[in-house]
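Structural characterization, general
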Amino acid sequence: MLAVKNLVLERDEKKILKGINLNVCNGEIHVIIGPNGSGKSSLAYMLMGCRDYKPTQGKIFFNDKDITDLGITKRAKRGITLSWQEPARFEGLTVEDYLSLGRENNKAEIEEALRMVNLNPKRYLNRFVDHKLSGGERKRIELASIVVLKPKLAILDEPDSGIDFVSLTDLLDVMIKLKKDTTILLITHREEVAQIADRATLLCDGYIVKDGSPLEVTEYFRDVCKSCPTEKYSEAKLKI
Amino acid sequence: MEEIMEAYKLSGGMPEDLKSEDTASMVVEGNRILKSNVIDGLIIEKKETKTGAKIKIIVEKGKKIKKPVHLCFSILPKEGLQEIISEIVVEENASADIKACCTFPNAQEVKHIMDAKIFLEKNSALTYTETHFHGSFGGIEVVPKSKVVVGENCVFKTNFSLVTGRVGRLDIEYVVDAKKNSVTEILTKVYGKEEDIIKIKEEVRLNGEGARSVIKSRIAVKDNAVSEVLNITEGNAAHVRGHVDCTEIIKDNARAKAIPIVSVKNESAKVTHEAAIGTVDKKGLETLMAHGLEKDKAVDLIIEGLLN
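Keep in mind the model is a prediction, meaning the values are calculated, not measured. (Residues numbered from 1 in each chain as written. Chains lettered and ligands numbered in written order. Predicted model: local features only at pLDDT ≥ 70, side-chain atom pairs only at ≥ 80, totals over all residues.)

1. Quick notes on the environment of Val244(B)
All names here are of chain B. Filter applied, for reference: Numbered from the N terminus, helices here are DSSP runs of H or I no shorter than four residues, and strands are runs of E no shorter than two. Once C-beta atoms are placed from the backbone, any two residues with those atoms within 7 Å are in contact.
Inspection of the secondary structure assignment puts Val 244 in strand S17 (residues 241-250). On a C-alpha basis, the gap between Val 244 and Asn 93 in space is 28 Å, while along the polypeptide they are 151 residues apart. When neighbours within four sequence positions are excluded, Val 244 is seen to be in contact with Ile 215, Asn 231, Thr 233, Pro 260, Val 262 and His 273.

Structure below.
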């Protein structure tokens, strides 16, 4: 479904991504793990087509079509969406309005999505998606928006960050349900979250250093990567 | 009168409110007082002047006016001057909700001046909502000036909104003297376009112990519009709390300036401020676009939300 070929990203004369090759198959949960600063979020923004994240080199294909030069809206219309690690806040926009974006307002569906992320529709539908929501509430609403949007590919950038253990179980349940209609590219650095994926890729210092089963990759991450200074990977240019 | 009702609708009013016998209301077109309806608990003194009207509204002691009092100020011709000199007194333990619609749908060379004095006596409450519609020509100058005394234990809320059509030239000045344990909330929302000029000065003097206030401004300007917002809060007494919150969004060649001034004269007083000016938040914009919205629509939605 998603094919990334030799993707390079340079910002302020610094190479962030250094020749990424990645394939995400239809219907899978594909997890990208890696330490902080390894380029995971940059990769997510690049796949969504965000401004300031245009590839310096390389191509992105979605369902065999080259989307490298398409902007965010056009990619969204083809079925790609992104959930930011810290979702934006919107003054004056209600949860109901937010969950109706880009589609017909179907209240029953919206309410069901809110229930899926453990938010009571009666309490949340008319609340604003602003700074009065806690970080956890905002993340749940973001996830509910993905549920109602039913994209072909959802890029979830650390949906688990700042979420407690109980909420994490809810989050994993939602992702498993979401998988029925949506392919998920999940970015995380929590190993237990990575285990729900079908495949995993380890990103370090802008390189893909390993891919395979989540167990295999997380073990490598734990045993090798975590005890190794990032610079070493740079020097060695460890690539699969 | 039918024309007035249409104009009233354009500024967000409901004509039936002006027609209802059990709702207090007043309609002033130019310098003519076309209608005035008074209900129990309320006194309205009115007088036409050469250029407008003099109005005094008194909410009598202990009276709680349940339904909003509806006021309509209008100039229907393309040209005209309207000077409204008003005084509102909310007596002890009384409360009221006043909704004023100021509508100038055909304005090409119009000036509307509002010179208001508002007094809230001990334990009273007043919500004053003012919605404007100035048409699409931008040929209007609106100058609302208000001096407000918010008495002990009183709650004063005011909400000024001018978000549809052109602004023209707007010059707001609010000065509030807040007494002991009172609460003041000032909210202003304006959307400037083309060559509009917006000037806002809102000042709260927290003079009584334990008084609290919030000044909130939400301004959007696009094309060549210009805005300047001056929010002042003085903490002059013990245990007062004040906050100033100004957000301005600019697009195109518009220019915006925000000047928050906070001062305290008592060590237990606390006054804070936040001001943000800039174009539409990038992450917010990209989030909406990632939901399939075109960029222009996403920008409009963010501005609408801000001014909602």
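Let us keep going from here.
2. Considering the nonpolar core
Selection criterion: Here, a nonpolar core denotes buried Ala, Val, Leu, Ile, Met, Phe, Trp, Tyr and Cys residues that are linked to one another through C-beta atoms within 7 Å. Here a residue counts as buried when 20 or more other C-beta atoms sit within 10 Å of its C-beta, as exposed when there are 12 or fewer, and as partly exposed otherwise, the C-beta atoms being derived from the backbone.
With 158 residues, the main nonpolar core has Met48(A), Ala144(A), Ile155(A), Leu202(A), Leu126(B) and Ile302(B) as its most contacted residues. Per element, the largest residue contribution to this core is seven residues, and it comes from helix H6 (residues 135-149) of chain A. Contact partners of Met48(A), with chain neighbours within four places excluded, come to Ile72(A), Arg75(A), Ile80(A), Leu82(A), Ile155(A) and Ala290(B).

3. Focus on the interface of chain A and chain B
To be explicit about the condition: By the convention adopted, Pro, Cys, Tyr, Trp, Phe, Met, Ile, Leu, Val and Ala count as nonpolar, Lys, Arg, Asp and Glu as charged, and the other residues, Gly among them, as polar.
Contacts between the two partners involve 19 residues from chain A, matched on the other side by 18 residues from chain B. Of all the elements in the fold, those that place two or more residues in the side of chain A that touches chain B are helix H2 (72-77), strand S6 (80-83) and H6 of chain A. With four residues, H2(A) is the largest single contributor of residues to the side of chain A that touches chain B. Residue composition of the side of chain A that touches chain B, grouped by class: twelve nonpolar, five polar and two charged.

4. Examining the sheet that holds strand S2 (residues 14-24) of chain A
Hydrogen bonds between backbone atoms are what pair the strands of a sheet, whose relative direction is either parallel or antiparallel. Residues and elements named next belong to chain A. Under the convention used in this document: We treat two strands as partners when DSSP finds at least two bridges between them. Think of each axis as a best-fit line through the C-alpha atoms, taken over the contacting stretch in the case of a helix, with angles from 0 to 180 degrees between the N-to-C directions.
Ordered in space as S2-S1-S4-S5, the four strands form an open sheet in which the pairing is antiparallel. Looking at the sheet topology across the chains shown, the edges are occupied by S2 and strand S5 (65-66). Bridging between strand S4 (residues 57-62) and S5 involves two bridges; their strand directions are antiparallel. If you follow Phe 62 over to S5, its bridge partner there is Lys 65. Together, strand S1 (2-11), S2 and S4 form the strand contacts of helix H1 (residues 40-48), whose direction differs from that of S2 by roughly 65 degrees.

5. Re helix H9 (residues 214-225) of chain A
Residue and element names in this part refer to chain A. The test is simple: Taken from the helix axis, the directions to the C-beta atoms give the arc we talk about.
Burial in H9 covers these residues: Pro 214, Val 217, Thr 218, Phe 221 and Cys 225. Angular distribution of buried residues about the axis of H9 spans 95 degrees; they occupy a single face of the element. Turned more than 90 degrees from where H9 packs its buried face, Leu 215 and Asp 223 sit exposed. Buried residues along H9 sit against strand S3 (29-33), helix H8 (191-194), strand S9 (199-204) and strand S10 (207-212).

6. Brief notes about the pairing of strand S7 (residues 95-103) of chain B
Residues and elements named next belong to chain B. In terms of residue burial, S7 counts as a mostly covered element, since eight of its nine residues are buried. Bridge count between strand S5 (residues 69-74) and S7: six bridges; the pairing is parallel. Paired with Ser 74 across the two strands is Thr 103, which belongs to S7.

7. Looking at unusual backbone geometry
Unusually for a residue other than glycine, Asn6(A) sits at a positive phi of about 50 degrees. Relative to the helices and strands, Asn6(A) resides in strand S1. By C-beta crowding, Asn6(A) is classed as partly exposed, having 13 other C-beta atoms within 10 Å. Phi is positive for Asp252(B), close to 55 degrees, though the residue is something other than glycine.

8. Remarks on the confidence of the model for chain A
Using the following cut-off: pLDDT: the predictor's confidence for each residue, scored from 0 to 100.
Chain-level pLDDT for chain A is 89 on average; 93% of the residues reach the 70-or-more range. Scored below 50 in pLDDT, residues 234-240 of chain A shows twelve contacts in the model against residues more than four places distant or in partner chains.

9. Some points on the pairing of strand S14 (residues 197-206) of chain B
All names here are of chain B. Bridge count for strand S12 (residues 169-178) against S14 is ten bridges, and the pairing is parallel. Its bridge partner lying in S14, Glu 173 is registered against Lys 201. Pairing geometry for S14 and strand S16 (residues 226-235), over ten bridges, is parallel. Bridge pairing in S16 places Lys 201 opposite Leu 230.

10. Quick notes on the sheet that holds S12(B)
Residues and elements named next belong to chain B. Read from one edge of the open sheet, nine strands run S3-S4-S6-S8-S10-S12-S14-S16-S18, paired in mixed fashion. In this open sheet, the two edge strands, each paired with only one partner strand, are strand S3 (42-48) and strand S18 (255-264). Averaged over all pairs of adjacent strands, the angle between their axes in this sheet comes to 5 degrees, without regard to strand direction. Bridge count between S3 and strand S4 (residues 52-59): seven bridges; the pairing is antiparallel. Looking at the pairing, Glu 45 lines up with Lys 56 of S4.

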